[in-house]
Amino acid sequence: MKSFIKITTLLIGFSLLFSTGCEKLNDEELLTDHIWKFKEITTNSTDQNVISIVAFVNALMTNSTMEFKKNGTFTLSMLNQSESGTWELSDDGKTLYTTDSNGDTDEMTVVKLTKDDLILQGEEVDNTYGTYSVTMHWTK
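The paragraphs below set out a description of the structure included in this document.

1. Concerning unusual backbone geometry
If a residue is not glycine, its phi is most likely negative; likewise, a peptide bond is most likely trans.
Here is step 1: A positive phi is found at asparagine 63, a non-glycine position, where the angle reads about 70°.
Here is step 2: In this structure, asparagine 63 sits in the loop between helix H3 (48-61) and strand E2 (65-68).
Here is step 3: In this model, leucine 79 sits at a positive phi of 50°, which is unusual for a non-glycine residue.
Here is step 4: For leucine 79, the position within the fold is in the loop between strand E3 (73-78) and strand E4 (81-89).
Here is step 5: Residue classification places leucine 79 among the exposed positions, given a relative accessible area of 52%.

Below you can see the structure in the form of structure tokens.
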């Protein structure tokens, strides 16, 4: 029984050591920790034109990457070209704002941000196609 108590105490000690030694990354650190690889873009639209556009964007974005740098800049690389701009994460980590080199700003909801997954959702309002959302999935 004494050896069981010793082993249990040792295991508890190790688990406390490892759990306190691993710091959780905050949202900005998760975002800038590595280069994100494009996985897919989806939409909630039922309009065939929007669905076709999203399918086309999926094809164009194959092998694209997005890098968020700690200095507040980003680089989107696709089709052997890159686009740069600035980014800002809201204080609560729920909204990502990006401004491209032309000064166009996008506001996206952070649906999921972990060390392995980044899911962003944006709402589009179009006179022809109405209001719909698009969701971009990125992976580590």
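After presenting the structure, the write-up continues.
2. Considering the side chain of histidine 137
Here is step 1: On the secondary structure map, histidine 137 appears in strand E8 (residues 130-139).
Here is step 2: Taking the relative accessible area as the measure of exposure, histidine 137 reaches 16% and is therefore buried.
Here is step 3: Those residues in contact with histidine 137, other than ones at most four positions away along the chain, are Lys37, Phe38, Lys39, Glu40, Thr42, Leu118 and Ile119.

3. What to know about the nonpolar core
Here is step 1: With 24 residues, the main nonpolar core has Leu31, Trp36, Phe68, Leu96, Leu118 and Trp138 as its most contacted residues.
Here is step 2: The biggest single contributor to this core is E8, with 4 residues.
Here is step 3: With sequence-adjacent residues up to four places away left out, tryptophan 138 is seen in contact with Trp36, Lys37, Phe38, Lys39, Met61, Ser64, Thr65, Met66, Leu76, Asp116, Asp117 and Leu118.

4. Side note on the sheet that holds E2
The strands making up a sheet are joined through hydrogen bonds of the backbone, oriented either antiparallel or parallel.
Here is step 1: The strand order E1-E2-E3-E4-E5-E6-E7-E8 describes a closed barrel built from 8 strands, whose pairing is antiparallel. The sheet shows a mean angle of 35° between the axes of neighbouring strands, taken without regard to direction.
Here is step 2: Relative to E2, strand E1 (residues 36-43) runs antiparallel, the two being bridged by 2 bridges. Paired with tryptophan 36 across the strands is methionine 66, a residue of E2.
Here is step 3: Those strands touched by H3 are E1, E3 and E8, and its axis lies near 170° from that of E1.

5. Focus: a negative patch on the surface
Here is step 1: Taken together, the side chains of Asp27, Glu28, Glu29, Asp33, Glu88, Asp91 and Asp92 make up a negatively charged region of the molecular surface.
Here is step 2: If one sorts the elements of the negative patch by residue count, helix H2 (residues 27-32) sits on top with 3 residues.
Here is step 3: Along the chain, glutamate 88 falls in strand E4.
Here is step 4: A relative accessible area of 52% places glutamate 88 in the exposed class.

Conventions adopted
Residues numbered from 1 in each chain as written. Predicted model: local features only at pLDDT ≥ 70, side-chain atom pairs only at ≥ 80, totals over all residues. Heavy atoms only, no water. Helix = DSSP H or I, 4+ residues; strand = E, 2+ residues; numbered from the N terminus. Buried < 20%, exposed > 50% of the residue type's maximum accessible area, 1.4 Å probe, protein only. Contact = heavy atoms within 4.5 Å. Core = buried A, V, L, I, M, F, W, Y, C linked by side-chain atoms within 4.5 Å. Pairing = 2+ DSSP bridges. Axes fitted to C-alpha atoms, helices over the stretch in contact; angles between N-to-C directions. Patch = residues over 30% accessible without salt bridge, like charges linked within 9 Å, V, L, I, M, F, W, Y side chains within 5 Å. Areas by Shrake-Rupley, 256 points an atom, 1.4 Å probe, with all protein chains shown as cover. Salt bridge = Lys/Arg side-chain N within 4 Å of Asp/Glu carboxyl O. Lys, Arg positive; Asp, Glu negative; His and termini not counted. Charge placed at Lys NZ, Arg CZ, Asp CG, Glu CD.

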